[in-house]
Amino acid sequence: LTVYDLALGRLSQIQKSLPAQRYQALALANSSYALRSLGRAAEGKQRIDSALAILKDTKDYPAQQYPLDSPAPIVLCALADHEAKVDPRSAIEIYEQVLDKATASTPATIADLWDAPRLSRLYEALTRLYRQTGNTPKAESIEARRIELWRDWDRRLPNNAFIRRQIEGASH
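Residues numbered from 1 in each chain as written. Predicted model: local features only at pLDDT ≥ 70, side-chain atom pairs only at ≥ 80, totals over all residues. Heavy atoms only, no water.

Asker: I would appreciate a short explanation of the overall build of the chain in the present structure.
Answerer: Of the regular secondary structure elements, the chain holds eight helices and zero strands. Listing every helix and strand of the chain by position from the N terminus yields α-α-α-α-α-α-α-α. Overall size of the chain, expressed as C-alpha extent along the three principal axes, is 45 × 35 × 30 Å. Expressed as a percentage of the 172 residues in the chain, the buried residues total 47%. (Helix = DSSP H or I, 4+ residues; strand = E, 2+ residues; numbered from the N terminus. Buried < 20%, exposed > 50% of the residue type's maximum accessible area, 1.4 Å probe, protein only.)

Asker: Before we go on, may I ask you to explain the environment of Leu38 in this structure?
Answerer: Within the secondary structure, Leu38 sits in the loop between helix H2 (18–37) and helix H3 (41–57). Put simply, Leu38 and Leu1 are 37 residues apart on the chain and 9.2 Å apart in space, counted from C-alpha to C-alpha.

Asker: So what exactly am I meant to see when it comes to the nonpolar core here?
Answerer: Where a protein is soluble and globular, its nonpolar side chains tend to be buried together. By size, the foremost hydrophobic cluster in this structure holds 48 residues, and its most contacted members are Leu76, Tyr95, Leu119, Leu122, Leu149 and Trp150. Ignoring sequence-local partners within four residues, the contact set of Leu122 consists of Leu68, Cys77, Tyr95, Val98, Leu99 and Ala102. (Core = buried A, V, L, I, M, F, W, Y, C linked by side-chain atoms within 4.5 Å. Contact = heavy atoms within 4.5 Å.)

Asker: Can you walk me through the layout of surface pockets in this structure?
Answerer: If a probe as big as a water molecule is rolled over the atoms, it shows which places are left empty. Each pocket or cavity is described by its volume, and for the largest pocket that value is around 300 Å³. Around the largest pocket sit 14 residues that line it, and Pro73, Ile74, Cys77, Arg118 and Arg121 are the ones nearest its centre. Counting residues per element, the ones that place at least two in the lining of the largest pocket are H2, helix H4 (71–86), helix H5 (88–104) and helix H6 (116–132). Here the element with the most residues in the lining of the largest pocket is H6; it accounts for five residues. Considered class by class, the residues forming the lining of the largest pocket number nine nonpolar, one polar and four charged. (1 Å grid on protein atoms, 1.4 Å probe; cavity = no way out; pocket = protein on both sides within 12 Å on 5 of 7 lines; lining within 4 Å. Points joined across faces, edges and corners; volume = space filled by probe spheres on them. Nonpolar A, V, L, I, M, F, W, Y, C, P; charged D, E, K, R; others polar.)

Asker: Could you clarify how one ought to interpret the packing of H3 against H4 in this entry?
Answerer: Packed helices, taken two at a time, are described by the angle between their axes plus the distance between the axes. Relative orientation of the contacting elements H3 and H4 amounts to 155 degrees, with a least axis distance of 10 Å. Relative to H4, the element H3 is oriented roughly antiparallel. Of the two possible hands of crossing, H3 and H4 adopt the one that is left-handed. Contacts between H3 and H4 pair Ala41, Lys45, Ile48, Ala51, Leu52 and Leu55 from the former with Pro71, Ala72, Val75, Leu76, Ala78, Leu79, His82 and Glu83 from the latter. (Axes fitted to C-alpha atoms, helices over the stretch in contact; angles between N-to-C directions. Parallel < 35°, antiparallel > 145°, perpendicular 65-115°, else oblique. Left-handed = near helix turned anticlockwise from the far one by under 90°.)

Asker: In this structure, what is going on with the packing of aromatic side chains? I would like to understand it.
Answerer: Given two aromatic rings, their pairing is described by the distance between the two centres and the angle made by the two planes. A full pass over the atoms with the stated rule returns one aromatic pair. Lying across the ring of Tyr33, Arg36 places its NZ or CZ 4.8 Å from the centre. Lying across the ring of Trp153, Arg156 places its NZ or CZ 4.0 Å from the centre. (Phe/Tyr/Trp six-rings, centres within 6.5 Å; stacked < 30°, edge-to-face > 60°. Lys NZ or Arg CZ within 6 Å of the ring centre and 35° of its normal.)

Asker: Where do I start with the environment of Leu122 in this structure?
Answerer: Mapping Leu122 onto the fold places it in helix H6. Since its relative accessible area comes to 3%, Leu122 is described here as buried.

Asker: Could you clarify how one ought to interpret helix H7 (residues 136–156) in this entry?
Answerer: Working note: α-helix, 3.6 residues per turn, so residues spaced by three or four point in the same direction. Taking 1.5 Å of rise per residue, 21 residues should cover 30 Å, and H7 covers 30 Å from first to last C-alpha, within 8% of that figure. All of the buried residues along H7 are Ala139, Ile142, Arg146, Ile147, Leu149, Trp150, Asp152, Trp153 and Asp154. Against H5, H6 and helix H8 (161–171) lie the buried residues of H7. The opening residue of H7, the one whose side-chain oxygen lies 3.3 Å from the backbone nitrogen of Lys138, is Asn135. (Expected span 1.5 Å × (residues − 1). Polar contact = N/O pair within 3.5 Å; in protein donor to acceptor, adjacent residues only side chain to side chain.)

Asker: Would you explain unusual backbone geometry in this entry?
Answerer: Trans is the common state for peptide bonds, and a negative phi is the common state for residues other than glycine. For the bond running from Tyr61 to Pro62, omega is -10 degrees, close enough to zero to count as cis. One can find Pro62 in the loop between H3 and H4. The phi torsion at Lys59 lies on the positive side, around 70 degrees, for a residue other than glycine. Given the relative accessible area of 68%, Lys59 is considered exposed. You will see that Asn159, though not glycine, has its phi angle at about 65 degrees, which is positive. With respect to the secondary-structure elements, Asn159 resides in the loop between H7 and H8.

This is how it looks when you write it as structure tokens:
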């Protein structure tokens, strides 16, 4: 939390710019995890709300599409993770929205390995929430998509240690 607060302090010293605002939104959203782990969930939620307000100002949220490397999916995932503790169904709705808008901006076959872990994390979170709420068919469907994502990368980059670890993690 101290590191995030230091980063936020430094970002507030930068003249207002689009990149600085986006980094500020990311730092606010990411710091919410530290706050939740310290038992300060309400403060974490306030930071997520502030991050969303910044993304509204920058016109990054709401949007028709959320590229996986943009701030909006990260901030919305922080919101979903916050909601998951209180209302898993609300968290599912948020994650489904992020997934729909992220896949709308991403080809069916992800061309950049950089995006694969981000998409995989979305699949993983949704699988967990679907299982938690008793929706086994959806959990299995999303889990299969995650495994296929990594198998596709394994075909492109055979025997890559990182990809093999992802397949093993997704298969358990």
